[in-house]
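Summary of structural features
Each chain, letter by letter, is given below.
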Amino acid sequence: MLKKVINNLKKDHSLRTFVFSVFSVLITLSYSIYNGFLGIYKLSIWHGSICIYYLLLLIIRTILVFEMKNNNEKRKKIMHFVIYALLFIITISMIAPAIFLIIGKRTYDLGMIPAISMAAYTTYSVTFAIINYYKTRTNNNTTIKQLRLINVISALMSVIVLQNTLILANGEMNENMKTMCFYTSFAIIFAAIFLIIIQFIRYIKTPCENGVLKE
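Residues numbered from 1 in each chain as written. Predicted model: local features only at pLDDT ≥ 70, side-chain atom pairs only at ≥ 80, totals over all residues. Heavy atoms only, no water.

1. Quick notes on the environment of Ser158
Quick note on the threshold: Segments assigned H or I by DSSP are reported as helices when at least four residues long, segments assigned E as strands when at least two residues long, and all are numbered from the N terminus. Throughout, a residue-residue contact means that at least one pair of heavy atoms, one from each residue, lies within 4.5 Å.
Looking at the secondary structure, you find Ser158 in helix α7 (residues 142–170). In sequence terms Ser158 and Thr122 are 36 residues apart; their C-alpha atoms lie 6.4 Å from each other. What Ser158 contacts, discounting residues up to four positions off in sequence, is Tyr54 and Thr122.

See below:
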């Protein structure tokens, strides 16, 4: 039975995407709850904003996951436009939390072990998000493309958090670190915005039927 399930996952790209997307939804929910708790417990604007950010990503992911089997072309077209718009808006909104990081409005006191664990997970997330995003160049399903795009954006944002965590775990945020964080954080945010715009332009330029792009 297990072997059959594994074979089905290997053969069916849409099914594999659905299963792993559900898993991503659960991880995102856990991370949102964690940051929400810290935001309330520590009265932290930073953690509160991260909680809201990942909750918005969670909502978008959930909508896409449950709309994967929907064959209403008009509804899907509207949904895809709305999701591209939401992704653009919430990615732009990450500029504010990034500024909080740069000016030192976030505290970290958990030590190096959690920081190293976060670094390992972030490396894993970024690597597989980029690999899976690259694979979608041969997949014309817009829903799958958007799910992969969300994974990349989420992974990129985790790099900003990781950078700040490692700096705070090793000392204070001095002027040199603030300058570096400024350039790297905004480079990452604008890279995410660039990916959203490029994928959206390709979407509106390519005929689409039932969520599948026609080359």
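2. Some remarks on the packing of helix α4 (residues 73–93) against α7
The test is simple: Lines fitted to the C-alpha atoms define the axes, with helices restricted to the stretch that makes contact. Angles between their N-to-C directions range from 0 to 180 degrees. Should an angle fall under 35 degrees it is called roughly parallel, over 145 degrees roughly antiparallel, and 65 to 115 degrees roughly perpendicular, with every other angle called oblique. Note on residue classes: Ala, Val, Leu, Ile, Met, Phe, Trp, Tyr, Cys and Pro are nonpolar, Asp, Glu, Lys and Arg are charged, and everything else, Gly too, is polar.
Running from N to C, α4 and α7 point in directions that differ by 10°, and their axes come no closer than 11 Å. The pairing of α4 with α7 is recorded here as roughly parallel in orientation. Here Lys76, Met79, His80, Ile83, Tyr84, Leu87 and Thr91 of α4 come into contact with α7, specifically with Thr142, Thr143, Gln146, Leu149, Ile150, Ile153 and Met157. Taken together, the residues of the contact of α4 with α7 sort by class into eight nonpolar, five polar and one charged.

3. Concerning a nonpolar patch on the surface
What counts here: Each patch is built from residues lacking any salt bridge and having more than 30% relative accessible area; the joining distance is 9 Å for like charges and 5 Å for nonpolar side chains (Val, Leu, Ile, Met, Phe, Trp, Tyr). Where accessible areas are quoted, they stem from the Shrake-Rupley method and a 1.4 Å probe; at the residue level, only the protein chains shown are allowed to cover. By convention in these notes, a salt bridge is any Lys or Arg side-chain nitrogen within 4 Å of a carboxyl oxygen on Asp or Glu. Accessibility here uses a 1.4 Å probe with only protein chains present; expressed as a share of the type maximum, an area under 20% marks a residue as buried, one over 50% as exposed, and anything in between as partly exposed.
Among the surface-exposed residues, Phe81, Phe88, Ile89, Ile92, Ile197, Ile201 and Ile204 lie close enough to one another that they form a single nonpolar patch of about 560 Å² accessible area. Those elements giving two or more residues to the nonpolar patch turn out to be α4 and α8 (175–205). A per-element tally of the nonpolar patch places α4 first, with four residues. Tracing the sequence through the fold places Phe88 in helix α4. What makes Phe88 partly exposed here is its relative accessible area of 35%.

4. Concerning the packing of aromatic side chains
To keep it simple, the criterion reads: Here a pair means two rings of Phe, Tyr or Trp (six-membered ring of Trp) with centres within 6.5 Å. Their orientation is stacked below 30 degrees between planes, edge-to-face above 60, and tilted elsewhere.
If you walk through the whole model with that rule in mind, you get nine aromatic pairs. Seen from their ring centres, Tyr84 and Phe200 are 5.4 Å apart, and the 65° between their planes marks the pair as edge-to-face. Here Tyr84, found in helix α4, pairs with Phe200, found in helix α8; they are 116 residues apart in sequence, far enough to count as distant. With a relative accessible area of 3%, Tyr84 lands in the buried category.

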